[in-house]
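# Per-entry structural report
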Amino acid sequence: MQQRHCVLCQRDVTNWLPFHFTEDDLSSFLLRVGVTGSNLRRFYCPLCRSIDRERHLKLFFDRLQIWDCFKGALLHMAPEPALAAAILQHGPSRYIRGDLQPQDPAVKKIDIEAIPYPDEAFDVVICNHVLEHVNHPAIALAEVGRVLKKGGRFICQTPFARRLSKTLEDPLLQSEDDRIFFYAQHNHLRLFGIDMEQLIRQAGFVGSLRAHDELLPEIDPENLGVNEFEPFFDFVRD
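## What to know about helix H2 (residues 52-64)
The end-to-end C-alpha distance of H2 is 18 Å, a good match for the 18 Å that 13 residues give at a rise of 1.5 Å each. Of all the 13 residues making up H2, ten are buried; the element is thus mostly covered by neighbouring parts of the structure. For H2, the set of buried residues is Asp52, Arg53, Glu54, Arg55, His56, Leu57, Lys58, Leu59, Phe60 and Phe61. The inward-facing, buried residues of H2 contact strand E1 (4-6), helix H3 (81-88), strand E8 (148-155), helix H7 (212-215), helix H8 (221-224) and strand E11 (232-237).

## A few points about the environment of Arg210
Counting through the fold element by element, Arg210 comes out in strand E10 (residues 205-210). In this structure Arg210 touches Leu64, Leu215, Pro231, Phe232 and Asp234, once residues within four positions along its chain are discounted. Within polar-contact distance, the side chain of Arg210 engages the side chain of Glu214 at 2.8 Å. Polar contacts involving the side chain of Arg210 include one to the side chain of Asp234, which spans 3.1 Å.

## Quick look at the side chain of Asn227
Relative to the assigned elements, Asn227 resides in the loop between H8 and E11. Looking at Asn227, its side chain comes within polar contact range of the main-chain oxygen of Gly37, at 2.8 Å. Within the structure, the side chain of Asn227 is placed 3.0 Å from the backbone nitrogen of Phe229, a separation counted as a polar contact.

## Looking at the environment of Leu148
Mapping Leu148 onto the fold places it in strand E8. When the C-alpha positions of Leu148 and His90 are compared, they lie 19 Å apart, and in sequence the two are 58 residues distant.

## Some remarks on the sheet that holds strand E5 (residues 94-99)
If you trace the seven strands from one edge of the open sheet to the other, you get E6-E5-E4-E7-E8-E11-E10, paired in mixed fashion. With one partner strand each, in any of the chains shown, strand E6 (108-109) and E10 form the two edges of the open sheet. Alignment of E8 against E11, held across two bridges, turns out to be antiparallel. Paired with Phe154 across the bridge in E11 is Phe235. Here H2 sits on the sheet in contact with E8, E10 and E11, set at roughly 55 degrees to E11. Sitting on the sheet, helix H4 (residues 137-147) touches strand E7 (122-126), E8, E10 and E11, and the angle it makes with E8 is about 130 degrees.

## Overview of the packing of aromatic side chains
Applying the stated criterion across every chain, the model contains 14 aromatic pairs. With 5.0 Å between their ring centres and 70 degrees between their planes, Phe19 and Phe21 make a pair best called edge-to-face. Side by side, Phe19 and Phe21 carry an identical accessibility label, which is buried. Centroid distance Trp67 to Phe70: 5.4 Å. Interplanar angle 80 degrees. Geometry classified as edge-to-face. Neither residue differs from the other here; Trp67 and Phe70 are each classed as buried. Each member of the aromatic cluster is reached from another via a ring pair, and the members are Phe60, Phe61, Trp67, Phe70 and Phe232. Geometry around Tyr44 places Arg49 over its ring, the cationic atom sitting 4.1 Å from the centre. One Lys or Arg, Arg162, reaches over the ring of Phe229 and ends 5.3 Å from the middle of that ring.

## What to know about the environment of Arg190
One can find Arg190 in the loop between helix H5 (176-183) and helix H6 (196-202). Here Arg190 falls in the buried class, since its relative accessible area comes to 2%. For the pair Arg190 and Val134, spaced 56 residues apart in sequence, the C-alpha to C-alpha distance is 9.3 Å. Not counting the four nearest positions on each side in its chain, Arg190 is found in contact with Leu131, Glu132, His133, Val134, Asn135, Pro137, Thr167, Leu168, Glu169 and Tyr183. Separated by 2.8 Å, the side chain of Arg190 and the backbone oxygen of Val134 make a polar contact. At 3.3 Å, the side chain of Arg190 and the backbone oxygen of Asn135 are in polar contact.

The rules behind these values
- Residues numbered from 1 in each chain as written.
- Predicted model: local features only at pLDDT ≥ 70, side-chain atom pairs only at ≥ 80, totals over all residues.
- Heavy atoms only, no water.
- Helix = DSSP H or I, 4+ residues; strand = E, 2+ residues; numbered from the N terminus.
- Expected span 1.5 Å × (residues − 1).
- Buried < 20%, exposed > 50% of the residue type's maximum accessible area, 1.4 Å probe, protein only.
- Contact = heavy atoms within 4.5 Å.
- Polar contact = N/O pair within 3.5 Å; in protein donor to acceptor, adjacent residues only side chain to side chain.
- Pairing = 2+ DSSP bridges.
- Axes fitted to C-alpha atoms, helices over the stretch in contact; angles between N-to-C directions.
- Phe/Tyr/Trp six-rings, centres within 6.5 Å; stacked < 30°, edge-to-face > 60°.
- Lys NZ or Arg CZ within 6 Å of the ring centre and 35° of its normal.

Structure follows, in structure tokens:
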């Protein structure tokens, strides 16, 4: 039996737990265009409940030596609990967690399209799996750029399709069934294409989508519970 290891709780596990739906439940359209995000079969750690993108980010941060950035001021939108705990261990000078509909009293009500903080207030902004939900991604990206200091890091893992040259967002494809078929979830408003990189750059960031195999070629994705097809969104404010 293959041994698996969670890099966040540092414990061995027998199996990863799946999301409430898996790749078998995705539409033929999403499979055809190569939708990329979480690995739905390797989703949860059964012990600490970390999810695959949190474990993946831990590995990316280790490899790129990003943890030192987290000693400054951070804004973390839709904060993932295990990732938030890891960030707090690095002693940020200021750590604001925000969400449009917070369920935790430690999380502030913040609309990423109208961030209630002054210009250049943060050294890092994290908003993983957020931009597919917002009404106006360009406004959200502009707001992130406004509150980030020059050279500040922007971490924004987001589902996208490897075989779509342009983001798919049609006003006639917004019923719940349409969103599930074309965008993967009922609360997704679009499916980003490979133009996602250009959209982020147009908002004043420099960087690129860096492949798992470039940064973590030696990693066994099943062993550590990550998606080898998901790149790291490596951007800083220009």
